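As a plain string of letters, each chain reads:
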Amino acid sequence: MLEKRLEVKADGKKVYDIIIRDTFEGLAKELAPFGTEERKLCIVTERNVSSYYLNEVQEILEKVSARVDIFIFQEGEASKNLDTVSQLYRYLIQHEYDRKDMLVALGGGVVGDLTGFAAATYLRGIDFVQVPTSLLSQVDSSIGGKTGVDFQCYKNMVGAFYMPKLVYININTLKTLSEREFHSGLGEVIKHGLIRDKEYYNWIRENKEAIAEREPEAMAVMVEGSCRIKRAVVEEDPKEQGIRALLNFGHTFGHSIEKLMNFRLTHGECVGIGCILAASMSRKRNYISREEYDDIVRIFRYFDFPELPAELKCEEIVRETRHDKKMEHGSIKFILLKAVGEAAICRDVTEEEMLEVFEEPDSRTKSGGQA
Ligand SMILES: NC(=O)c1ccc[n+]([C@@H]2O[C@H](COP(=O)([O-])OP(=O)(O)OC[C@H]3O[C@@H](n4cnc5c(N)ncnc54)[C@H](O)[C@@H]3O)[C@@H](O)[C@H]2O)c1
Ligand SMILES: [Zn+2]
């Protein structure tokens, strides 16, 4: 039976635990110490995830709370907005939620970000728990306390830093994820290895078949490995003032591509393309070798990451990076690999250098290196 526990600290003190299990069963035991018997719990989820997991989670929560309510919205990024938040506020008011009650976010990053933001703002803050079900949310969005919603065409424009009371991961939920969403989460997983942990990156390469098959043992090692890396980074820099920017490796180009493709590619797919481009720039600067670069391309190709869409012009992609939130005083904070397993913030990347990357043969071909 799998049971891992990682503490997330701030200023040396524990703020919350990340629990990694292969069942939802442990949720009751983990929640009871928060005095849930005396509190109302509202499960916030979306239609798709609810069809798989709501009944089970609801039954378990009913063991520790006399009142469990459910708020369901339409799945997808298009719901991550203030309208859905308003509906949730209204639901909570109608059901007389007060400051001692609690929200439980059951779903992917969309549910987690939106629920966290509602929790941060409803009555100036009520407790919430993350129960992430997509790979991306398990290894990335549920950890670190960034919450928020999109505003009109601006992604994550409105939000708050607000910590959950608990992150409870059931890796078994990965089984029902579509191939595309699973691979999308792998974009962040590979990124974690590249920016921070060469050993972990090599483990991914050596276990790629087991990962692709979603073997439970591999999922457990992978989710824990990635959570450890994300935790280490957010603990060092909880409010994104410095080192947390390293998590944006692959994201400068990734966000541009995501926007220009009008979100027809998943976030993780765009991050994968962005990682290859940023790795290519690192190679051009001789920070990493040609061989290391080829290996990076190969691992993304193995997991079927898409090529850079042919319809996108490199000038457009580079122009779009000007809107990146990581822009400061006109210079972009570009993340490059100083080595495999070690990223650094570079402020001297020019638009010319960005454009040159697209001239590299691997930026558009399907099989990098000698795959
Ligand atoms: N807060 C942060 O630090 C942070 C970091 C990265 C991304 N994000 C945000 O996360 C969001 C993306 O997260 P996501 O990729 O999880 O998107 P998502 O929540 O839309 O989930 C992706 C799809 O997978 C489905 N799904 C989720 N779990 C499933 C399961 N176990 N089985 C079957 N289907 C399942 C969902 O219904 C959805 O269709 C974006 O809005 C992004 O901005 C936030
Ligand atoms: Zn990301």
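Note: the structure precedes this text.
Read on for a plain summary of the structure. Just so it is clear, the structure is predicted and the values come from calculations on it, not from any experiment.

**Observations regarding the sheet that holds strand E9 (residues 166–170)**
Next up, step 1: If you trace the seven strands from one edge of the open sheet to the other, you get E1-E2-E9-E6-E5-E3-E4, paired in mixed fashion. On the outer flanks of this sheet lie strand E1 (3–10) and strand E4 (67–73), each paired with one strand and no other. For this sheet, the mean angle separating the axes of adjacent strands, direction not counted, is 20°.
Next up, step 2: Strand direction decides the pairing type here: strand E5 (residues 102–107) and strand E6 (residues 127–132), joined by six bridges, are parallel. Looking at E6, one finds that leucine 106 is bridged to valine 131.
Next up, step 3: Across the sheet, helix H9 (residues 216–236) touches E1, strand E2 (13–21) and E9, and the angle it forms with E1 is around 10°.

**Some points on the pairing of E9**
Next up, step 1: Of all five residues in E9, five are buried, a share of seventy percent or more.
Next up, step 2: Across the two faces of E9 the burial is the same, with Leu166, Tyr168 and Asn170 and Val167 and Ile169 all buried.

**Digging into the environment of glutamate 307**
Next up, step 1: The residue glutamate 307 is located in the loop between helix H12 (290–302) and helix H13 (314–320) in this model.
Next up, step 2: Note: C-alpha distance between glutamate 307 and cysteine 270 (37 residues apart in sequence) is 9.3 Å.

**Here we look at unusual backbone geometry**
Next up, step 1: Phi at glutamate 96 takes a positive value of approximately 55°, unusual for a residue other than glycine.
Next up, step 2: On the secondary structure map, glutamate 96 appears in the loop between helix H3 (82–94) and E5.
Next up, step 3: Look at glutamate 96 and you get exposed, because its relative accessible area is 62%.
Next up, step 4: Phi is positive for asparagine 286, close to 65°, though the residue is something other than glycine.
Next up, step 5: Within the secondary structure, asparagine 286 is located in the loop between helix H11 (267–284) and H12.
Next up, step 6: The class of asparagine 286 is exposed, set by a relative accessible area of 66%.

**Some words on the site of ligand 1**
Next up, step 1: In the vicinity of ligand 1 there are 25 residues, among which Glu46, Glu77, Gly109, Ser134 and Thr176 approach most closely.
Next up, step 2: Within the contact set of ligand 1, an oxygen atom lies 3.0 Å away from a backbone nitrogen or oxygen of valine 110.
Next up, step 3: Here threonine 176 contributes a side-chain N or O atom positioned 2.7 Å from a nitrogen atom of ligand 1.
Next up, step 4: Surface burial for ligand 1 is 89%, taken as the share of its 860 Å² of free accessible area covered by protein chains.
Next up, step 5: Mapped onto the shell around ligand 1, the elements with two or more residues apiece are helix H2 (47–62), helix H4 (109–121), helix H5 (135–141) and strand E8 (154–161).
Next up, step 6: No other element matches H2, which puts four residues into the shell around ligand 1.
Next up, step 7: Per-class residue counts for the shell around ligand 1 are six nonpolar, nine polar and 10 charged.

**Considerations on the pattern of salt bridges**
Next up, step 1: One pass over the structure, following the stated rule, counts 34 salt bridges.
Next up, step 2: Taking the shortest distance from any N to any O, the salt bridge between aspartate 69 and arginine 67 comes out at 3.1 Å.
Next up, step 3: Using a relative accessible area of 9% as the deciding quantity, one classes aspartate 69 as buried.
Next up, step 4: Note that glutamate 179 and arginine 214 form a salt bridge whose closest N and O atoms lie 3.0 Å from each other. Taken together, the residues glutamate 179 in helix H6 (residues 179–196) and arginine 214 in the loop between helix H8 (208–212) and H9 connect sequence positions 35 residues apart.
Next up, step 5: By relative accessible area, which is 47% here, glutamate 179 ends up partly exposed.
Next up, step 6: You can call arginine 214 buried: its relative accessible area is 12%.

**Observations regarding the pairing of E2**
Next up, step 1: Pairing between E1 and E2: eight bridges, direction antiparallel. In the sheet register, leucine 6 faces E2, and the bridge partner there is isoleucine 18.
Next up, step 2: Between E1 and E2, which pair antiparallel in sequence order, lie two residues; one of them, aspartate 11, sits at a positive phi of approximately 50°.
Next up, step 3: The pairing of E2 with E9 spans five bridges and is parallel. By the bridge assignment, arginine 21 is partnered in E9 with asparagine 170.

**Regarding the coordination of the zinc ion (ligand 2)**
Next up, step 1: For the zinc ion (ligand 2), the full set of protein donor atoms is Glu188 (OE), His251 (NE2) and His267 (NE2), and the range of their distances to it is 2.0 to 2.1 Å.
Next up, step 2: Every donor residue of the zinc ion (ligand 2) comes from the same chain, spaced as E-x62-H-x15-H. With histidine 251 in helix H10 (residues 251–260) and histidine 267 in helix H11, this pair connects stretches of sequence that are 16 residues apart.

Reading the values: rules and limits
Residues numbered from 1 in each chain as written. Chains lettered and ligands numbered in written order. Predicted model: local features only at pLDDT ≥ 70, side-chain atom pairs only at ≥ 80, totals over all residues. Heavy atoms only, no water. Pairing = 2+ DSSP bridges. Helix = DSSP H or I, 4+ residues; strand = E, 2+ residues; numbered from the N terminus. Axes fitted to C-alpha atoms, helices over the stretch in contact; angles between N-to-C directions. Contact = heavy atoms within 4.5 Å. Buried < 20%, exposed > 50% of the residue type's maximum accessible area, 1.4 Å probe, protein only. Near = heavy atom within 4 Å. Polar contact = N/O pair within 3.5 Å; in protein donor to acceptor, adjacent residues only side chain to side chain. Areas by Shrake-Rupley, 256 points an atom, 1.4 Å probe, with all protein chains shown as cover. Nonpolar A, V, L, I, M, F, W, Y, C, P; charged D, E, K, R; others polar. Salt bridge = Lys/Arg side-chain N within 4 Å of Asp/Glu carboxyl O. Donors = N, O, S within 2.8 Å, 3.2 Å for Na, K, Ca; no water.

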